[in-house]
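Chain by chain, the residues run as shown.
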Amino acid sequence: MIARTPPSLVRALLASLALCAPALHAADPSAAAPSAAPSEASAKEGPALTLDSAVAQALAANFDVRLQRLTTATSTDSEEIARAPFDPRLKATVSTG
């Protein structure tokens, strides 16, 4: 069975790429001057961008996802703190004499 990517995720990725494309194009110094030969350009580009790597990069850069990971960790800590009063306690006294 082939897993399908949810349409909302695809739309979000495409919107993110559309917003980032002008900034990426402006930051690319090779975009200002066309290359002399196509073979030189393909040698400088590096590996092709796959869907999986694009999704991984988008999730890594997504502020909401990073914030949700921190919120989950914080709620786990809060749960542990809330259960602390019910932990067993050990009390010992020592006297000399």
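Just above sits the structure.
Described in the following lines is the structure provided in the data block.

Thresholds applied
- Residues numbered from 1 in each chain as written.
- Predicted model: local features only at pLDDT ≥ 70, side-chain atom pairs only at ≥ 80, totals over all residues.
- Heavy atoms only, no water.
- Helix = DSSP H or I, 4+ residues; strand = E, 2+ residues; numbered from the N terminus.
- Buried < 20%, exposed > 50% of the residue type's maximum accessible area, 1.4 Å probe, protein only.
- Areas by Shrake-Rupley, 256 points an atom, 1.4 Å probe, with all protein chains shown as cover.
- Salt bridge = Lys/Arg side-chain N within 4 Å of Asp/Glu carboxyl O.

1. What about the overall build of the chain?
Helix and strand counts for the chain come out as four helices and zero strands. Counting every position in the chain, which comprises 97 residues, the buried fraction comes to 3%. Counting only carbon and sulfur atoms, one obtains 63% of the accessible surface of the chain, whose full area is about 9100 Å².

2. Quick notes on the pattern of salt bridges
Should their charged atoms come close, side chains of opposite charge can pair. Considering all chains together, one arrives at one salt bridge under this definition. Glu-79 is the salt-bridge partner of Arg-83, the closest N and O atoms lying 3.0 Å from each other. A residue pair is termed a helical-turn pair when its members lie 3 or 4 positions apart in one helix, as Arg-83 and Glu-79 do in helix H4 (residues 63–83) at four residues. You can call Arg-83 exposed: its relative accessible area is 53%. Looking at Glu-79, the relative accessible area reads 41%, which means it is partly exposed.

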